[in-house]
Amino acid sequence: MKTYKCFAAGLAALMLTMGLCGCSSSSSDESSSYVDQVEVTATDAIDAIPEGSETELEWLSYFDLNPTSTAEEKRVDVDLFEQKGGTIVYSQTTSTTKYDQLASRLLSNDPPDLFWFEQKMTFPAYCVKGMFQPVDSIVDFDDDMWVGMKDLADQFTLGGDHYVAPINLGVLSVLTYDKDVIEANGLEDPYDIYMNGDWTWDEWYDLMEQYVAGSTDDEIRYGINGWFGAFIFQSTGKTLIEYDAETDEYVSNIDDPDFDRASTVLYNIKKNGLYYSDWIGSASEAFKKHILFYAMGTWAVTPNEGDNWAIVPMPRDPNTDTYYTTTDITAYMWVSGSDKADAVKCWYECARVANTDSEYTEASREKFFINNPTWTEEMYVMSNEEPISDKYVQVVDYGYGISTLLSNDDAATNATKEAVIPYLYSSVMKTDDDGSQYTWTQLRESYTSTIESELADFNEEYHAFIGE
């Protein structure tokens, strides 16, 4: 394990370059169950914090884990942790300044203990910058408690050390549609197609094309709106930047022929008028605009009484029988310099039990339906269970965590405020100043040298970090 003082030089350089480097998702941690008419009982699966060990953990974040005015119920993981002798103290930051504040604390030799894992920049960039320490001394991924997470955790290693202990998985985006619209237009139900094992890019595209073909002057139709481009690329099982174990480097995968196929699907969605590009904040608003599929997280899916909606996961690549997906990973980073190993270990285990023990997961499920009475069982399974089941292979996209230019949307200066990697995933659905749609060939030629340059710098820093 790297010692804290080995990180000081890297952090000093980081403070000069990062600026406002927040790379957050817009939502806080909603994955853990809350105490709601359920008695949280102590469990023998978790050892209490040993006598004499530090029991208080400082949580530096932009949201509180403890009960607040907006979430008055105590979370199951927090309750379990308190039963085992621990407490969580909240130190507030913002989503855009969290890394700056963490870096300042580390340079002042005053580290907090816990920090929120996020898709962008946390790994590998800020692990290599020295902000976080490995978890192998407190997590045994071969233990029954962590069953199902080892393969995913193995994708978050540097120099053989694990930096992320995945607590739970969530779905980033799903396809919501109106079953009544499907039936009225004589289309096959996507849910039935999915259950038959045929839900591929081709089937998805054909449904949108058939629906839009019915457009009239009075009813202009679209196939889709929302967040879906990246998932089509990732459903090939590949990402724009990958880790090469043979060379021990992060490498560009932009020339992969599977991306020519994925980009062609997205290009045609835009070219053939299937794509509604403006932002829409809810499924109900999308359907009012005669859009067949609304691609977004479940937070934007709120049916009214009488609505007949359904949900399916993102379509599979037709060239493979394997279902690949990227998910929202719940995890708590152990901050460099924190020496509260016993308490952090206990917190990880409490969080894991809260998200896996049937006593709590069933209570959480019941609470969901209380709060979302117009959802169907089928919608819940398709959005909250199916894409994180063993049926799917979890893909980690390292492109979201390499460098400010490649990965940090908050620092982007282009018109769409997207860093290079997220921009590339949807760019064939965009147009230049003259209204001409970008092709994948053009984009690949434009950005290959930038990606290679950024990777060269990152790999040099990475090899220095692991002592090579």
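Bear in mind the structure is a predicted one, so any value in this text is a computation, not a measurement.

K.L.:
Which residues make up the overall build of the protein chain, and what are the values?
P.N.:
Within the protein chain one finds 17 helices and 16 strands. A compact globule built from 468 residues would reach a C-alpha radius of gyration of about 23 Å, and the protein chain, at 23 Å, matches this within 12%. Structurally, the protein chain occupies a C-alpha span of about 75 × 55 × 40 Å along its principal axes. A buried classification covers 52% of the 468 residues belonging to the protein chain. Restricting to contacts in the protein chain with at least 6 residues of sequence separation, those with at least 24 account for 77%. As displayed, the protein chain offers around 20100 Å² of accessible surface, 44% of which is attributable to carbon and sulfur atoms. Of the charged side chains in the protein chain, 28 are positive and 84 negative; the average position of the first set lies 3 Å away from that of the second.

K.L.:
Requested: an account of helix α10 (residues 257-271), with residues and values cited.
P.N.:
Over its 15 residues, α10 extends 21 Å from the first C-alpha to the last, a length consistent with the 21 Å expected when each residue adds 1.5 Å. Residues of α10 that are buried sit in contact with α8 (201-212), β8 (222-226), α9 (229-234), α16 (420-426) and α17 (440-465). Between the side-chain oxygen of the N-cap and the backbone nitrogen of aspartate 258 there are 2.8 Å, and the N-cap of α10 in question is aspartate 256. Of the residues flanking the end of α10, it is glycine 273, one or two places downstream, whose phi is positive at about 75°.

K.L.:
Which residues make up the sheet that holds strand β1 (residues 56-61), and what values go with them?
P.N.:
Within a sheet, neighbouring strands are paired by backbone hydrogen bonds and run either parallel or antiparallel to one another. Reading across from one edge, β2-β1-β3-β15 is the order of the four strands in this open sheet, with mixed pairing throughout. Each having just a single partner strand, β2 (87-92) and β15 (332-334) make up the two edges of the open sheet. Direction aside, neighbouring strands of the sheet carry axes that sit 35° apart on average. Of the strand pairs in this sheet, β1 and β2 are connected by six bridges, and their pairing is parallel. The residue of β2 that forms the bridge with serine 61 is glutamine 92. Its contacts with the sheet put helix α3 (residues 98-107) on β1, β2 and β3 (114-116), and the angle it makes with β1 is roughly 135°.

K.L.:
Help me get a handle on the environment of asparagine 408, residues and values and all.
P.N.:
Mapped onto the elements, asparagine 408 comes out in the loop between α15 (404-407) and α16. In this structure asparagine 408 comes out as buried when scored by relative accessible area, which is 0%. For the pair asparagine 408 and isoleucine 49, spaced 359 residues apart in sequence, the C-alpha to C-alpha distance is 37 Å. Side-chain polar atoms of asparagine 408 contact the backbone nitrogen of aspartate 410, separated by 3.0 Å.

K.L.:
Tell me about the state of the cysteines, residues and numbers included.
P.N.:
One pass over the full model with this rule turns up zero disulfides. Summary of cysteine pairing: cysteine 350 is not part of a disulfide, and the nearest cysteine sulfur, belonging to cysteine 346, is at 4.0 Å. Since its relative accessible area comes to 0%, cysteine 350 is described here as buried.

K.L.:
Any chance you could break down the packing of aromatic side chains for me, citing the residues and the numbers?
P.N.:
Scanning the model with the defined rule gives 40 aromatic pairs in all. One aromatic cluster is present, formed by Phe117, Phe123, Phe156, Tyr243, Tyr250, Tyr398, Phe458 and Tyr462 through successive ring pairs. The cationic tip of arginine 316 hangs over the ring face of tyrosine 323; the distance from NZ or CZ to the ring centre is 5.3 Å. In this arrangement the basic side chain of lysine 391 is found over the ring face of tyrosine 323, its NZ or CZ atom lying 4.7 Å from the centre.

K.L.:
Tell me about the side chain of serine 173, and please be specific about residues and values.
P.N.:
Along the polypeptide, serine 173 turns up in the loop between β6 (168-170) and β7 (174-178). For serine 173, a relative accessible area of 5% puts it in the buried group. In this structure the side chain of serine 173 is engaged in a polar contact, spanning 2.9 Å, whose partner is the backbone oxygen of tryptophan 227. At 3.1 Å, the side chain of serine 173 forms a polar contact with the backbone nitrogen of methionine 296.

K.L.:
Tell me about the pattern of salt bridges, and please be specific about residues and values.
P.N.:
With the rule as written, the count across this model stands at 25 salt bridges. Put simply, lysine 179 and aspartate 189 hold a salt bridge, and the shortest N to O gap is 2.4 Å. Here lysine 179, found in helix α6 (residues 179-184), pairs with aspartate 189, found in the loop between α6 and α7 (190-195); they are ten residues apart in sequence, far enough to count as distant. Overall, aspartate 189 belongs to the buried group, its relative accessible area being 13%. Linking aspartate 258 and arginine 261 is a salt bridge whose minimum nitrogen-to-oxygen distance equals 3.1 Å. One end of the pair is aspartate 258 and the other is arginine 261, both in helix α10 and three residues apart, which spans about a single turn. For aspartate 258, a relative accessible area of 17% gives the class buried. For arginine 261, a relative accessible area of 22% puts it in the partly exposed group. Overlapping salt bridges, with partners in common, bring together Lys238, Asp256, Asp258, Arg261 and Asp317 in one network.

K.L.:
Can you break down the side chain of threonine 320 residue by residue, with the values?
P.N.:
Within the secondary structure, threonine 320 is located in the loop between β12 (309-312) and β13 (323-325). Exposure remark for threonine 320: the relative accessible area of 17% places this residue in the buried category.

K.L.:
Describe the nonpolar core, listing the residues and the values that go with them.
P.N.:
Residues Phe132, Trp204, Ile224, Phe228, Tyr250, Ile269 and Phe293 are the most contacted members of the largest nonpolar core, which totals 105 residues. With near-sequence residues (within four places) excluded, phenylalanine 228 lies in contact with Trp204, Leu266, Ile269, Tyr275, Ala295, Met314 and Met429.

K.L.:
Mind laying out the pairing of strand β11 (residues 291-296), listing which residues take part and the relevant values?
P.N.:
Within β11, six of the six residues are buried, which leaves the element mostly enclosed by the surrounding structure. Pairing of β7 with β11, which is carried by three bridges, proceeds in the antiparallel orientation. Across the sheet, residue leucine 175 finds its bridge partner in β11, namely alanine 295. Of the strand pairs in this sheet, β8 and β11 are connected by four bridges, and their pairing is parallel. When the bridges of β11 are listed, asparagine 225 appears paired with tyrosine 294.

Reading guide: rules and limits
- Residues numbered from 1 in each chain as written.
- Predicted model: local features only at pLDDT ≥ 70, side-chain atom pairs only at ≥ 80, totals over all residues.
- Heavy atoms only, no water.
- Helix = DSSP H or I, 4+ residues; strand = E, 2+ residues; numbered from the N terminus.
- Rg over C-alpha atoms; globule rule 2.2 N^0.38 Å.
- Buried < 20%, exposed > 50% of the residue type's maximum accessible area, 1.4 Å probe, protein only.
- Contact = heavy atoms within 4.5 Å.
- Areas by Shrake-Rupley, 256 points an atom, 1.4 Å probe, with all protein chains shown as cover.
- Lys, Arg positive; Asp, Glu negative; His and termini not counted.
- Charge placed at Lys NZ, Arg CZ, Asp CG, Glu CD.
- Expected span 1.5 Å × (residues − 1).
- Polar contact = N/O pair within 3.5 Å; in protein donor to acceptor, adjacent residues only side chain to side chain.
- Pairing = 2+ DSSP bridges.
- Axes fitted to C-alpha atoms, helices over the stretch in contact; angles between N-to-C directions.
- Disulfide = S-S within 2.5 Å.
- Phe/Tyr/Trp six-rings, centres within 6.5 Å; stacked < 30°, edge-to-face > 60°.
- Lys NZ or Arg CZ within 6 Å of the ring centre and 35° of its normal.
- Salt bridge = Lys/Arg side-chain N within 4 Å of Asp/Glu carboxyl O.
- Core = buried A, V, L, I, M, F, W, Y, C linked by side-chain atoms within 4.5 Å.

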